[in-house]
Each structure stands twice: as structure tokens, then as C-alpha cells.
There are 2 protein chains.
Amino acid sequence: MNRIGKQTIIFNNKPKIISNSAIVGPKEFAGPLKQYYDYRIIDDKWNEDSFEKAERKMLEFAICTAIRKSGKKLKNIDLLVSGDLLNQIITSSYAARKIDTMYLGVYNACSTFTEALTIGSVLVDGRYLNNVACATGSHFSTAERQYRFPLELGNQRTPASQRTVTGAGCSILSLEGKGPSITMATMGKVIDYGIKDVNNMGAAMAPAAMNTLLAHFDDTGTKPEDYDLILTGDLGNLGSELLKILMKHKGIDISEKHNDCGKLIFSDQQRTIQGGSGSGCSASVFNSYIIKKFRSGEYNKILFMATGALLSTISTQQGDSIPAIAHAVVIER
Amino acid sequence: MNRIGKQTIIFNNKPKIISNSAIVGPKEFAGPLKQYYDYRIIDDKWNEDSFEKAERKMLEFAICTAIRKSGKKLKNIDLLVSGDLLNQIITSSYAARKIDTMYLGVYNACSTFTEALTIGSVLVDGRYLNNVACATGSHFSTAERQYRFPLELGNQRTPASQRTVTGAGCSILSLEGKGPSITMATMGKVIDYGIKDVNNMGAAMAPAAMNTLLAHFDDTGTKPEDYDLILTGDLGNLGSELLKILMKHKGIDISEKHNDCGKLIFSDQQRTIQGGSGSGCSASVFNSYIIKKFRSGEYNKILFMATGALLSTISTQQGDSIPAIAHAVVIER
């Protein structure tokens, strides 16, 4: 079995991340990771007639740029695994229409990027396919009006809220080429601690992050010290603090090793309250800043775990609490 | 490589479908396949306070029943791969919350069931996991009010329209146990012939079905005669006719071998116009009628290809045409 413990699968052929691309919006580009992105859009609509079409164009750009940078031809990319936050993941499906490859649509909210990396790695590692593109994106203006309020209302944000990242990222996986390898994946279970505040997704997601992290350490016998970085997707400031406290209660101190894409992408001066979120958050931070730290030799082994809050406006209106999930992958030089 | 041609992957370990379950609503139970379902609900809300919660309960029922019938314990089911038509696939995510297994959320509209079977088969065939549950569902009353009009309006239906099936189905995949095997999968590309009528999804999906079918025949060197049945997901009456015409133009006559879950599930007397649709359509027909025909020896080899229309209300309102996809799996005794 290519598996250890209960939730962790092993990729013995070590699929490599041979190419990456990240594109962000203007506010993200004004943040601390400015120098790492491939491209930034200057206005939120990027010459399209709707925010939704701009989001789609960003995802297409990320996918096409990652393919170009991989040195592979489009016809050699077998499959796109992609998802996003819009209803029926239309950003991904329309992006897939533009690209002549097979397509699997996936959705686990903001943990979709590591879900896509997991599925892509299985297909490459098992020698079912040669080259797989894994991509996700999100857009502040589309998510805001779909999940919360019309932008024109200018609603004040609550203290626990995060800002959906306008951005997209893509990784190309292959056994042929150079780059860090995905060596394991720990898939998550759905965890729900009863949080009902849709503006506090950090609190909803932190228990799911803990659950996957505990499963990973248990399955693999590793400790936080074995990793250069334990990177969560978009718990934000509050969610990150909660995760550290939850882990400490379980006897594991991750505080020296932990960081979060939602914290990294914006500076405190940018007043995003708890930081960034959205399926474009982990995708754009991972495919720019993090991957360049691998290339420069700063990282040798990280645990990358995107987290997702599996709610919709319908479930919220019907009084449901927020289930969450986290999928982790181990990335090594 | 576990692959032939461009789009077809091969499962050399032949994952078996060891257990199935299907549950439907009252109108579906009044149709021709009555005797094949595991259970039917009598009213659309099934003692819940919303249609959405009834949909969730149906999917949970299908998953739990399939697990029970497999003879495996819940703790031995490693993963649920599931998707549905509701925004953010909440039916699947809330069902996954109920079940203590890992979860991958997937979405390719009404082709989600064969997408889930493909991902599940890869994980089992590659010996990453032992037992995987693949499930999808849909509900007439939730889909209607999300995608079209409030039910209370009682809108007249257009001549090309189909009826979303109230139903759910689940298959358990494993290398250990008895049942027909999934031997190949041909993943689809997104195809868009420019159809903009959201009430004519058969026309939007037929070209995608043709595309995957041609790729499958090309990759594998098989012909329609090599299959006991070429079963599409929910093209309905009109879409099925279109597929046969499109294939005939390519020089391949599938008319002797083709049938469609959307045609099978309702009788003409039930006045559903073009037949059934929805991600619960192929799931409930496959996991009842079709699988029992395998068990009784009537089928030895079929090609099962669910088809999906990848639209949302947002893309429709913004003037986009309807992209579509079809994923096929080969099932053999």
C-alpha cells in the first residue's frame, strides 16, 4: 500500500512541481510579497465587463503562464484540476473551456488548492498521466457580492473577518523536470465545532486544521521540528492563534514553525483585519513566495495545508453551523 | 504508463464496485425502475424543515446504506468522493460531516458521478486507499429554486426542458470483495457549441458526450459493438437524439447500443418532457437498475458516461453560453 497510518498516502515516485505561476490584484500587489508574483492586475475588472469575467481571466492567465514556464507544450498537459469559490465553480469550468486538456472540477472551499495538488499527485505518481495542472483562484469583488453584501453598500467589516484575496495560482506536476517534490498527502475529514458566525471563518477552520495536523503527525511519526515550515492556507491572524492554542492543548507546539498564507499576503497597515482568505490566497502565496524560497534553498521540507470553510449562503440562512476541512501535502527538495 | 491514447487511463488492478445504494423521490419511484431502488421518500421534505436538508438526508442515506450493504464497517471506509448541484456542494459537505471518513468534494455538474468514480478508482487501483465511497445526489425542489424559479410560481416548462431527479446514489469501490470492475476511465474536455438556452441542456451536453465517446473509441480501438450498453448520464430524449446524430456524422452508429439514465428513469406518461437530469439521475439509475443487470448477468461490459452542463445562474445572466463535459468509465464483469 502507498499509505501510512489512516489518512496519509505516499507518493513513491515523488511528483515534482516543475512550474508555478501566481497573479494577484492591486491590493495584494501592494502587500509584502510584491516582488514574488508573476503579474498583477491594475483594476479589479481587468478590461472585462464583470468581476466574474476578470476572475476567470486571472485563472486562465495563471494556468497558461505556468504551462509556458514549464517549457511543456499545451498539448502535453493532460489534465487541469481546478476549483474556485463561485457557485458551480464557473471560474474553473470556463477557464478549462479555454484550454484543450481534460478537466476535473474540485471544490473544498479554500482548501481546494491542496485538494487539487493531492488528486494531481495521485494521477502523476500512479503513472496514469504525465503532466497535470493544478489551479485555483478567487476574487474579492465576486466573493463579496456572492457570499456577503453588494459592494455598493460599503458595509463595515466585523472584527473577526478576513478579506478574500483577488488572485490565482497554478502548479504543474510531472515526473519529468526539476522542482520540489510532493512526497505525501494527508487528506482531511469534515470537522464542525458549531461556529455559526460566517465572518469568523478562522475559528471555523482551525479545528479542521488541527484534526488533519494531528492525523499527519500520528500517521508519519513526524514532529513540527521535522519541517522548515508548517504553512496553513488562510486561517488568518485569529484562526492561526486558535490553531496554535488547540495544538498546544494536544501537547504539540507548532508556534516556531507555523505561518499562514492569509497572514503573509497582507501587511497590518493594509487593514484587512484578520488577513487574506479565499481559494486564491494559498494558491497565489504558494506559487510565488513559498516556491521561490524552495528554489533559493531556504526550505527543504514543508507541510502545506490549505483549510476550507464548507458553507454556502443557503446553509447559513437555514441556521447551519460551518463545517470545515483541511488537506495537507508534504513538499520536499 | 497506466494509460492508452490521450484521454484514457487503465486500472490494471480492476477496482470492484462491491456495493451500491439508490434512493429516490416519489415521482421517480412512480417511474419504470420502481422495483430496483433501495428506498423512496414519500414527501419531498422527508420530515426535514427544508428541501435542502431533505436532499442532504437522502445523500447520507445512500452513503450509509451502500456502506452497510458492503459488509464493511464505517471505520474501514477511507474516503468519500462526492458532489452535488447546490451552491458550494453543501449537500455533499454536510453529508461528509456526518460520516467519519476523509472527504474530497468534486463538481462537474451532472457528470460528477463518473468523475467521482474515476477519482475513486485511481485511489483504489493505485493502492493508495482500500475502500472509497463515491456518491452524488440532487433534488428537484432545491435545484428548481436555485437554478430557475421559485416553486410557488408554477412556471410552465419549455419543450426542451428536463426534470431534475430527486435521488441519490452511492458506489463503494475496493480491490477486496465481489462485483463488476471499473477497468478504464476516459476523462472529458470542456466542450461548448454555443448553446445559451438553459432549458436545453441536452443540446449543450450532447457535443461533450460525442467528444469523450470519440476519444474513448480512438484511444481503446473499441467500437459500439464491443459494449452491451453505452449509457449516458442525463442527455434526456432530445440530447440522446442529438448525440446519435452527431456520432453518425462521425461515421459511428451507436443507436443499437445507446441508452440514457434521463430517459430510463421516467416514463413518457409522467410528462417530464425530455426526461430526468441532475447529478442524482445517473447516480440513482446506475446504482439500482444498471448494477442489478450486471449482477443478473445481463451485462458483461458497458460504457457509462455521465454528462454535465457547467453553467451557473451568474454565467447565464452575464450572457455566457453553456460549457459541458462528459467523463466515461468502462465497467466489466
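Here is a short report on the structure shown in this document. All values derive from a computational prediction rather than experimental measurement.

**Here we look at the overall build of chain A**
Reasoning step 1: Looking only at helices and strands, one finds ten helices and 15 strands in chain A.
Reasoning step 2: A globule of 333 residues ought to have a C-alpha radius of gyration of about 20 Å, and chain A, at 18 Å, matches this closely.
Reasoning step 3: For chain A, the spread of C-alpha atoms along the principal axes amounts to about 50 × 50 × 35 Å.
Reasoning step 4: In chain A, which comprises 333 residues, the share counted as buried stands at 67%.
Reasoning step 5: Of the contacts formed within chain A by residues at least 6 apart in sequence, a portion of 77% connects residues at least 24 apart.

**Looking at the packing of helix H2 (residues 51–70) of chain A against helix H3 (residues 90–98) of chain A**
When two helices pack together, their arrangement is captured by the angle between the axes and the distance separating the axes.
All names here are of chain A.
Reasoning step 1: Viewed as axis vectors pointing N to C, H2 and H3 meet at an angle of 50°, and their least axial separation amounts to 9 Å. Judged by the inter-axis angle, H2 sits oblique to H3. Relative to H3, the crossing made by H2 is right-handed. Note on element contacts: H3 touches H2 through Thr-91, Ser-92, Tyr-94, Ala-95, Arg-97 and Lys-98, opposite Glu-55, Arg-56, Leu-59, Glu-60 and Ile-63.

**So, the relation of the copies chain B and chain A**
Reasoning step 1: Screw-axis analysis of chain B against chain A gives a translation of 0.0 Å along the axis, an RMSD of 0.0 Å, and a rotation angle of 180°. Within this description, the copies of the chain are treated as partners about a two-fold rotation axis. Identified as the residue of chain B closest to the rotation axis by C-alpha distance is Val-106 of chain B, at 2.1 Å.
Reasoning step 2: Both copies contact each other with a shared surface, as 100% of the interface residues of chain B are interface residues in chain A too.

**So, the environment of Tyr-289 of chain B**
Reasoning step 1: Tracing the backbone through its elements, the reader meets Tyr-289 of chain B in helix H9 (residues 279–295).
Reasoning step 2: Every residue in contact with Tyr-289 of chain B, bar those within four places of it in the chain, is listed here: Leu-33, Tyr-36 and Leu-264 of chain B.

**Concerning the pattern of salt bridges**
Reasoning step 1: Applying the stated rule across the entire model yields 27 salt bridges over all chains.
Reasoning step 2: Where Asp-100 of chain B meets Lys-189 of chain A, a salt bridge forms, and the shortest distance between an N and an O atom there is 3.1 Å. With Asp-100 of chain B in the loop between helix H3 (90–98) and strand S6 (102–105) and Lys-189 of chain A in the loop between strand S10 (181–186) and helix H6 (201–220), the pair connects residues from two separate chains.
Reasoning step 3: Here Lys-98 of chain B makes a salt bridge to Glu-60 of chain B, at a shortest N to O gap of 3.7 Å. Taken together, the residues Lys-98 of chain B in helix H3 and Glu-60 of chain B in helix H2 (residues 51–70) connect sequence positions 38 residues apart.
Reasoning step 4: Salt bridges sharing partners connect three or more residues here, namely Glu-144, Arg-148 and Arg-157 of chain A.

**Brief notes about the packing of aromatic side chains**
Reasoning step 1: Enumeration over the complete set of coordinates arrives at 18 aromatic pairs over all chains.
Reasoning step 2: The interplanar angle of 5° and the centroid separation of 4.6 Å between the aromatic rings of Phe-286 of chain A and Phe-304 of chain A together place this pair among those described as stacked. Taken together, the residues Phe-286 of chain A in helix H9 (residues 279–295) and Phe-304 of chain A in strand S14 (residues 301–309) connect sequence positions 18 residues apart. Across the pair, Phe-304 of chain A and Phe-286 of chain A agree in class, each one buried.
Reasoning step 3: Put simply, the rings of Tyr-39, Trp-46 and Phe-61 of chain A pair up and form one aromatic cluster.
Reasoning step 4: Between Lys-57 of chain A and the ring centre of Trp-46 of chain A, over which it is positioned, the NZ or CZ distance is 4.8 Å.
Reasoning step 5: The ring of Phe-51 of chain B has Lys-45 of chain B lying over it, and the distance from NZ or CZ to the ring centre is 5.0 Å.

**A closer look at the nonpolar core**
Reasoning step 1: Residues Leu-123, Ile-290 and Phe-304 of chain A together with Leu-123, Ile-290 and Phe-304 of chain B are the most contacted members of the largest nonpolar core, which totals 98 residues.
Reasoning step 2: Sequence-distant contacts of Phe-304 of chain B, that is, excluding residues within four places in its chain, are made with Phe-113, Thr-114, Leu-117, Leu-231, Cys-261, Ser-282, Phe-286, His-327, Ala-328, Val-329 and Ile-331 of chain B.
Reasoning step 3: In terms of nonpolar packing, the next biggest core, distinct from the first, is built from 62 residues, Ile-18, Ile-63 and Tyr-103 of chain A together with Ile-77 of chain B among them.

**Some remarks on the interface of chain B and chain A**
Reasoning step 1: Across the boundary between the two partners, chain B contributes 62 residues, which contact 62 residues of chain A.
Reasoning step 2: Interface of chain B and chain A: buried area, both sides summed, is about 5,300 Å²; carbon and sulfur atoms make up 56% of it.
Reasoning step 3: On the chain B side of the contact with chain A, Gln-88, Met-102 and Tyr-128 of chain B bury the most area, a combined 15% of that side's loss.
Reasoning step 4: Counting every contact that joins chain B to chain A gives eight salt bridges.
Reasoning step 5: When the shortest N-O distance is used, the salt bridge between Arg-56 of chain A and Asp-320 of chain B registers 2.7 Å.

**Observations concerning empty space enclosed by the protein**
Residues and elements named next belong to chain B.
Reasoning step 1: Under the definition given, this model contains five cavities of 30 Å³ or more.
Reasoning step 2: One number sums up the size of the largest cavity: a volume of about 90 Å³.
Reasoning step 3: Lining of the largest cavity is provided by 13 residues; of these, Leu-85, Cys-110, Tyr-147, Arg-148 and Met-201 occupy positions nearest its centre.
Reasoning step 4: Classifying every residue of the lining of the largest cavity by side-chain character gives nine nonpolar, three polar and one charged.

**Focus: the pairing of strand S7 (residues 131–138) of chain A**
Residues and elements named next belong to chain A.
Reasoning step 1: The buried fraction of S7 is high, at eight of eight residues.
Reasoning step 2: Burial along S7 is two-sided: Asn-131, Ala-133, Ala-135 and Gly-137 and Val-132, Cys-134, Thr-136 and Ser-138, pointing in opposite directions, are all buried.
Reasoning step 3: As paired elements, S7 and strand S9 (residues 167–174) share eight bridges and run antiparallel to each other. Paired with Thr-136 across the two strands is Gly-169, which belongs to S9.

**Some points on helix H5 (residues 140–147) of chain A**
Within an α-helix, residues lying three or four positions from one another point in the same direction, as the helix has 3.6 residues per turn.
Reasoning step 1: Burial runs high along H5 of chain A: seven of the eight residues are buried.
Reasoning step 2: Turning to H5 of chain A, its buried residues are Phe-140, Ser-141, Thr-142, Ala-143, Glu-144, Gln-146 and Tyr-147 of chain A.
Reasoning step 3: Where H5 of chain A is buried, its residues contact H2, S7, strand S8 (163–164) and helix H10 (313–317) of chain A together with helix H10 (313–317) of chain B.

**So, helix H5 (residues 140–147) of chain B**
Reasoning step 1: Where burial is concerned, most of H5 of chain B is hidden: six out of the eight residues are buried.
Reasoning step 2: All of the buried residues in H5 of chain B are Phe-140, Ser-141, Thr-142, Ala-143, Glu-144 and Gln-146 of chain B.
Reasoning step 3: Contact partners of the buried residues in H5 of chain B: H10 of chain A together with H2, strand S7 (131–138), strand S8 (163–164) and H10 of chain B.

**What about the pairing of S14 of chain A?**
All names here are of chain A.
Reasoning step 1: The element S14 is largely enclosed, with a buried count of eight among its nine residues.
Reasoning step 2: One ladder, built from four bridges, connects strand S11 (residues 229–232) with S14; its direction is parallel. Looking across to S14, one finds that Ile-230 is bridged to Leu-303.
Reasoning step 3: The sheet contact formed by S14 and strand S15 (residues 324–332) spans nine bridges and is antiparallel. When the bridges of S15 are listed, Ala-306 appears paired with His-327.

**Some thoughts on a negative patch on the surface**
All names here are of chain B.
Reasoning step 1: Negative charge collects at one region of the surface, where Glu-225, Asp-226, Asp-253 and Glu-256 lie side by side.
Reasoning step 2: Within the element layout of this structure, Asp-226 appears in the loop between helix H6 (201–220) and strand S11 (229–232).
Reasoning step 3: Asp-226 sits in the partly exposed class, given a relative accessible area of 31%.

So, how was this worked out
Residues numbered from 1 in each chain as written. Chains lettered and ligands numbered in written order. Predicted model: local features only at pLDDT ≥ 70, side-chain atom pairs only at ≥ 80, totals over all residues. Heavy atoms only, no water. Helix = DSSP H or I, 4+ residues; strand = E, 2+ residues; numbered from the N terminus. Rg over C-alpha atoms; globule rule 2.2 N^0.38 Å. Buried < 20%, exposed > 50% of the residue type's maximum accessible area, 1.4 Å probe, protein only. Contact = heavy atoms within 4.5 Å. Axes fitted to C-alpha atoms, helices over the stretch in contact; angles between N-to-C directions. Parallel < 35°, antiparallel > 145°, perpendicular 65-115°, else oblique. Left-handed = near helix turned anticlockwise from the far one by under 90°. Least-squares fit on C-alpha atoms with pLDDT ≥ 70 in both. Salt bridge = Lys/Arg side-chain N within 4 Å of Asp/Glu carboxyl O. Phe/Tyr/Trp six-rings, centres within 6.5 Å; stacked < 30°, edge-to-face > 60°. Lys NZ or Arg CZ within 6 Å of the ring centre and 35° of its normal. Core = buried A, V, L, I, M, F, W, Y, C linked by side-chain atoms within 4.5 Å. Buried area = accessible area lost by both parts, 1.4 Å probe. 1 Å grid on protein atoms, 1.4 Å probe; cavity = no way out; pocket = protein on both sides within 12 Å on 5 of 7 lines; lining within 4 Å. Points joined across faces, edges and corners; volume = space filled by probe spheres on them. Nonpolar A, V, L, I, M, F, W, Y, C, P; charged D, E, K, R; others polar. Pairing = 2+ DSSP bridges. Patch = residues over 30% accessible without salt bridge, like charges linked within 9 Å, V, L, I, M, F, W, Y side chains within 5 Å. Areas by Shrake-Rupley, 256 points an atom, 1.4 Å probe, with all protein chains shown as cover. Lys, Arg positive; Asp, Glu negative; His and termini not counted. Charge placed at Lys NZ, Arg CZ, Asp CG, Glu CD.

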